[in-house]
Structures are given as C-alpha cells and as structure tokens.
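# Observations on chain architecture
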Amino acid sequence: PDVIDGYFKKMEQVMLDEGLSELSYGDLASRLWNCDETGLCTSVTLTRVIVRRGERAVVEIGSGSERDHITVLSCGSAVGVKFPPYVVYKAQTIDPAWMENGPPGARYVSSDSGWMEEAQFTEWFSEVFLPATEHLQTEKPVMLVLDGHGSHVSLKVVTLARQHNTIIFLFTPTHNTHFTTTRCILLQDCQKRVGQGTQVV
C-alpha cells in the first residue's frame, strides 16, 4: 500500500507540474494512457486447479512449455480508446498462419524468447503509440503509465519521448499496473472534483 500511495502522490505532482490538472475531465482522460503485457502459454497441461471453497477469482499457475510462450501488449486510454494488440511470438520469423483471424489491426512480431524485449517495445512505442497520440501532443503532455520492466527503459525510447516533448513516463513497480491504471487515477480525480462526501463506484 505504501508503494502504491507513493506512486499516486508522484503522479499527482507530475500532473500539477505539467499543467494536466488544469484540463477538463475529458481532455485529461484522453491524455492518460496505460500499457502492460501479459504472457500466454499455449501448452499448459494442467486440467484442474485446487482453490479454497468459495474462491471467486481462480488463477491457474502452470509451467507449460517455454517454446510456446507468447506475449501480448495492450494499451488504452482513460476514455476507453484502445490500440489493437501487439503480439510477440517466440520465433525467428512470423508464420503468416499465426496472423489469420486475429483482431483487426493487430501487430505481430517475434523475439528469441517470446517475451517483450527492448527492440519490440521500442518499435511499438515509435510506430504505434507516438503516431496514434500525435494529435494529442500539443502544449500539454500525453502521459503513458507503464511498469518498470527492463524492456521499457532504453535510451532510444527516452530520446523519442524527449524529442516529442509531450510524453511523460511514470514507472510503477513491476507487476503492479493492475493497481495503478489510469481508470483508478481518474476515479480518484473524479472523487475530488465531485466532493469529499461522494462515493465514486
């Protein structure tokens, strides 16, 4: 909780420093983006999971085969705009059959591990994120919320962000973006704007 609270305090300070807090709710929400990856294993062999009685959220943990690992990067804004998925296969080249019947606009790339690596994230940032948010890159910045995974931090990405002079990175603790999505931020902001006694659900 202390780490998450500290994260929100830092974000609030950056928003104040960059003038984002002055924006209307809709304009602010359109400039707040969150991206995160999830790993998928296509060869999980477990068929049953043991959980406590009454457990509502059941998560299956399995090792599977490393050769079948796929990573999917998702990105969306606080107003609900979503980019098509960015899919990373473990391969030297992409088999055209892997792209059949995929989501419209999805991008397919490969890496040696099937994990998001620096080259893939840099490509996504430069060829997907920046062009798609160019219309928002005006006098106020666009904020991309992402975790501190090593693939996200590179000289090229930081340089691109600075060149556009509109992108702010807020690095959250790795594997915690589900606590710190832009929706949570906007709910907090909305609660402040509506009033102390109002509950936002």
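Owing to the predicted nature of the structure, the values given are computational and were not obtained by experimental measurement.

Okay, the side chain of Lys140 next. The topology assignment puts Lys140 in the loop between α3 (118-132) and β5 (142-147). There is a polar contact of 3.3 Å between the side chain of Lys140 and the side chain of Glu22. Filtering out sequence-adjacent residues up to four positions away, Lys140 remains in contact with Glu18, Gly19, Leu20, Glu22, Leu23 and Arg31.

Turning to the confidence of the model for the protein, a few remarks are in order. Overall, the predicted model of the protein reaches an average pLDDT of 77, with 71% of residues at or above 70. Here residues 182-201 scores under 50 on pLDDT; set against residues more than four positions off or in separate chains, the count is 35 contacts.

Moving on to helix α1 (residues 2-17). Taking 1.5 Å per residue, 16 residues should reach 22 Å; α1 reaches 22 Å between its end C-alpha atoms and fits that length. Where α1 is concerned, the buried positions are Ile4, Tyr7, Phe8, Met11 and Met15. An end-on view of α1 places all buried positions within 95° of arc, on one side of the element. With respect to the buried face of α1, the exposed residues turned more than 90 degrees away are Asp2, Val3, Lys9, Lys10 and Asp17. Just past α1, the residue Gly19 takes up positive phi, approximately 80°.

The rules behind each value
- Residues numbered from 1 in each chain as written.
- Predicted model: local features only at pLDDT ≥ 70, side-chain atom pairs only at ≥ 80, totals over all residues.
- Heavy atoms only, no water.
- Helix = DSSP H or I, 4+ residues; strand = E, 2+ residues; numbered from the N terminus.
- Polar contact = N/O pair within 3.5 Å; in protein donor to acceptor, adjacent residues only side chain to side chain.
- Contact = heavy atoms within 4.5 Å.
- pLDDT = per-residue confidence, 0-100.
- Expected span 1.5 Å × (residues − 1).
- Buried < 20%, exposed > 50% of the residue type's maximum accessible area, 1.4 Å probe, protein only.
- Arc of directions from axis to C-beta.

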